[in-house]
Amino acid sequence: MSGPSTYEPKTGFTKWLDARLPIVRLGYDSMIDFPTPKNLNYWWTFGGILALCLVIQIVTGIVLAMHYVANTSMAFASVQHIMRDVDFGWLVRYIHANGAGMFFLAVYIHMFRGLYYGSYKAPREVLWILGVVIYLLMMATAFMGYVLPWGQMSFHGSSVITNLIGALPIVGPAVKTYLLGGAAVGDPTLNRFFSLHYLLPFVIAGVVILHIWALHVVGNGNPTGVSVQDIKKDTVPFHPYYTVKDGFAIILFLTMFAVFVFFFPEAMGKTDNSIEANPLQTPAHIVPEWYLLPFYAILKSVTFDIGPIPAKLLGVLAMFGSILILFALPWLDTSKVRSMRYRPLARQLFVLFVLACVGLGFCGANEPDAFVFKTGKDRLQVEYSDANGRAQTKFFDQFSEANAYKESLPTAAGASLQVAESGFKWKWLSQILAAYYFIYFLVLMPLLGVIEKPKPRPASIADSVHKRSGSGRSSSAPVAAPQHAE
Ligand code: HEM
């Protein structure tokens with residue numbers, strides 16, 4: 001895509017260096033002269049924003065690590081020391097903590113952009129897969145980072161998640177022990193999480209280099225989904241056109257970031273994490289940070305066993321499956337048309353998919369048995385054990401009837417009378433949304449490509465493609481209107 005290099009070293013030094021290590025040429029070809037489609041919209045600015053987020057996290061993280069102590073007796077105090085005693089320590093910490101949320105916000109926009117415009121389709125499969133690897137690494141890094149301040153949520157959250165890993169068959173218990181460095185979350189855990197939290201961002205940086213390398217081989221996609229036909233006519237050099245556009249988007253993004261850092265620095269955090277970890281006192285609600293909530297909801301949505309597989313294991317498999325499924329996306333989508341601009345039905349199902357992901361986020365933040373909304377009037381329930389010791393429940397509308405029934409039961413039944421609220425529970429909503437999540441990828445995507453009728457390509461694009469195939473420069477057969485993927 002990038003074509004032959006147009007870099008010409010001008011000074012004696014750059015000529016000398018270019019003959020030995022053409023690093024300036026590499027930078028020039030990939031960031032100055034790189035031919036970029038003319039029609040990229042603002043959704044394409046998030047790649048640059050993400051690169052900036054990664055740099056911000058690494059720089060602020062290194063400064064924090066200079067003052068942080070990875071020891072359970074001092075970690076919490078060392079964070080307080082950073083916030084109160086270290087010059088601008090509060091600023092560095094708030095940038096790092098809020099930066100994690102902003103990083104995920106940007107990555108979700110970047111991924112949804114990819115889904116909408118079919119950026120994962122050929123020839124960008126490897127580019128997409130490298131993106132999913134980055135996303136997995138980001139989740140692992142964020143999870144481990146959250147443990148470091150050693151607050152209540154750090155401790156109890158990490159206990160919950162590592163227990164889940166322990167639920168995996170065969171390898172689970174061993175992986176859990178290696179991760180924790182013992183039987184429970186403690187000093188060895190904090191030490192290894194700190195070590196990995198420091199290491200992983202550099203691994204991410206390495207994979208980002210591969211990601212951008214892959215991008216520069218196949219070139220950017222664009223909102224029409226039709227590949228660039230004529231490099232001269234359809235593209236402009238990256239600099240100054242996209243450096244200015246990306247720069248403008250970065251300024252807007254940083255402004256929003258600054259509003260959080262300076263005015264609502266704790267908005268994304270949990271107050272429980274301002275209390276030092278106490279293994280003997282479990283917080284009322286253990287919930288992860290907002291960006292992991294949809295997956296947490298999928299995990300909790302499985303409340304039933306299937307045959308010999310217990311609900312807990314099924315939940316863990318569903319949660320990991322919901323992320324790993326992204327690797328298969330380029331092959332699950334059978335449509336020949338990349339961009340949903342020309343796929344009206346796919347677009348509607350995509351909107352539902354985005355709503356399902358947001359809805360799952362809300363489900364993850366709420367107790368599974370709490371009500372999304374209540375219906376009808378509350379009933380009364382008598383709970384007791386039958387002669388075989390099995391738990392039984394009987395419902396009543398009248399107090400007198402319920403009480404009479406309870407009194408009629410033998411003392412050994414241990415009967416109790418309670419108000420039974422009726423309504424729609426969060427766990428049911430999460431089950432519906434989780435089902436849609438999987439159906440979207442496993443059923444709708446493969447099916448749509450076969451049954452949908454895409455809109456024809458606008459004449460301006462069709463002409464350009466036909467001219468190209470007619471000119472003999474392309475080996476592909478002349479294209480029918482809906483074949484957008486050329
Ligand atoms: C640290 C994280 C990441 C960085 C720094 C990054 C960087 C970039 C950059 C600079 C671009 C080109 C500009 C643009 O299209 O916005 C790009 C494109 C792309 N990225 Fe990422 N990315 C990251 C994460 C991801 C993730 C998590 C995915 C998907 C799972 C992904 C998938 C893609 C795809 C498919 C493209 C090509 C889009 C197209 O041109 O149609 N990236 N990325």
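Quick caveat: nothing in here was measured; it's all calculated off a predicted structure.

Cut-offs used in this document
Residues numbered from 1 in each chain as written. Predicted model: local features only at pLDDT ≥ 70, side-chain atom pairs only at ≥ 80, totals over all residues. Heavy atoms only, no water. Near = heavy atom within 4 Å. Polar contact = N/O pair within 3.5 Å; in protein donor to acceptor, adjacent residues only side chain to side chain. Helix = DSSP H or I, 4+ residues; strand = E, 2+ residues; numbered from the N terminus. Nonpolar A, V, L, I, M, F, W, Y, C, P; charged D, E, K, R; others polar. Axes fitted to C-alpha atoms, helices over the stretch in contact; angles between N-to-C directions. Contact = heavy atoms within 4.5 Å. Domains from an automatic or database assignment. Buried area = accessible area lost by both parts, 1.4 Å probe. Salt bridge = Lys/Arg side-chain N within 4 Å of Asp/Glu carboxyl O. Donors = N, O, S within 2.8 Å, 3.2 Å for Na, K, Ca; no water. Tetrahedral: all angles 85-135°; square planar, octahedral: opposite > 155°, others 65-115°. Buried < 20%, exposed > 50% of the residue type's maximum accessible area, 1.4 Å probe, protein only. Phe/Tyr/Trp six-rings, centres within 6.5 Å; stacked < 30°, edge-to-face > 60°.

Some words on the site of the ligand
Reasoning step 1: As a matter of local geometry, the ligand sits amid 22 residues, with His110, Ser119, Gly131, His211 and Gly221 nearest to it.
Reasoning step 2: For the ligand, a nitrogen atom lies 2.7 Å from a polar atom in the side chain of His110.
Reasoning step 3: One nitrogen or oxygen atom from the main chain of Gly221 is found 2.8 Å from an oxygen atom belonging to the ligand.
Reasoning step 4: Within the residue set of the shell around the ligand, elements represented by two or more residues are helix 3 (46-65), helix 5 (89-116), helix 6 (125-147) and helix 9 (187-218).
Reasoning step 5: For the shell around the ligand, the element with the highest residue contribution is helix 6, accounting for six residues.
Reasoning step 6: For the shell around the ligand, a count of residues per class yields 13 nonpolar, eight polar and one charged.

Thoughts on the packing of helix 4 (residues 75-84) against helix 5
Reasoning step 1: Interhelical geometry of helix 4 versus helix 5 gives an angle of 115 degrees and a closest axis separation of 5 Å. Two secondary-structure elements touch here, helix 4 through Val79, Ile82 and Met83 and helix 5 through Gly89, Trp90, Arg93 and Tyr94.
Reasoning step 2: Residues belonging to the contact of helix 4 with helix 5 are distributed by class as follows: five nonpolar, one polar and one charged.

Things to note about the domain arrangement of the chain
Reasoning step 1: Domains assigned within the chain are domain 1 (1-29), domain 2 (34-113 + 132-275), domain 3 (287-372 + 426-454), domain 4 (379-420) and domain 5 (456-486).
Reasoning step 2: Computed over C-alpha atoms, the centres of domain 2 and domain 3 are 23 Å apart.
Reasoning step 3: With both chains or domains summed, domain 2 and domain 3 bury close to 2,400 Å², and 75% of this area falls on carbon and sulfur atoms.
Reasoning step 4: The largest share of the area that domain 2 buries against domain 3 comes from Phe112, Val132 and Leu164, three residues that together contribute 22% of it.
Reasoning step 5: For the interface between domain 2 and domain 3, the tally reads one salt bridge.
Reasoning step 6: Across the pair Glu289 and Lys270 runs a salt bridge, and its minimum N-O distance is 3.7 Å.
Reasoning step 7: Put simply, domain 2 and domain 3 have six residue pairs in polar contact (both at pLDDT 80 or more) between them.
Reasoning step 8: At the level of secondary structure, the elements contributing two or more residues to the side of domain 2 that touches domain 3 comprise helix 5, helix 6 and helix 7 (152-166).
Reasoning step 9: Among the residues forming the side of domain 2 that touches domain 3, the class breakdown is 21 nonpolar, six polar and one charged.

Considerations on the coordination of the iron atom of the ligand
Reasoning step 1: The protein atoms that coordinate the iron atom of the ligand are His110 (NE2) and His211 (NE2), at distances spanning 2.0 to 2.1 Å.
Reasoning step 2: Around the iron atom of the ligand sit six donor atoms, and with donor-metal-donor angles ranging over 82 to 180 degrees the site reads as octahedral. Here the residue His110 occupies a position in helix 5, and His211 occupies one in helix 9, the gap between them amounting to 101 residues.
Reasoning step 3: You can call His110 buried: its relative accessible area is 18%.
Reasoning step 4: Taking relative accessible area as the criterion, His211 reaches 17% and is therefore assigned buried.

A short note on the packing of aromatic side chains
Reasoning step 1: A full pass over the atoms with the stated rule returns 36 aromatic pairs.
Reasoning step 2: Ring geometry for Phe112 versus Phe353: centroids 6.3 Å apart, planes at 70 degrees, classification edge-to-face. Highlighted residues: Phe112 in helix 5 and Phe353 in helix 14 (residues 344-365), separated in sequence by 241 residues.
Reasoning step 3: Judged by relative accessible area, Phe112 falls into the partly exposed class, the value being 22%.
Reasoning step 4: Judged by its relative accessible area of 2%, Phe353 is buried.
Reasoning step 5: Measuring from centroid to centroid gives 5.2 Å for Phe353 and Phe441, while their planes differ by 75 degrees, and the two rings are edge-to-face. Linking Phe353 in helix 14 with Phe441 in helix 16 (residues 426-451), this pair joins segments that are 88 residues apart in sequence.

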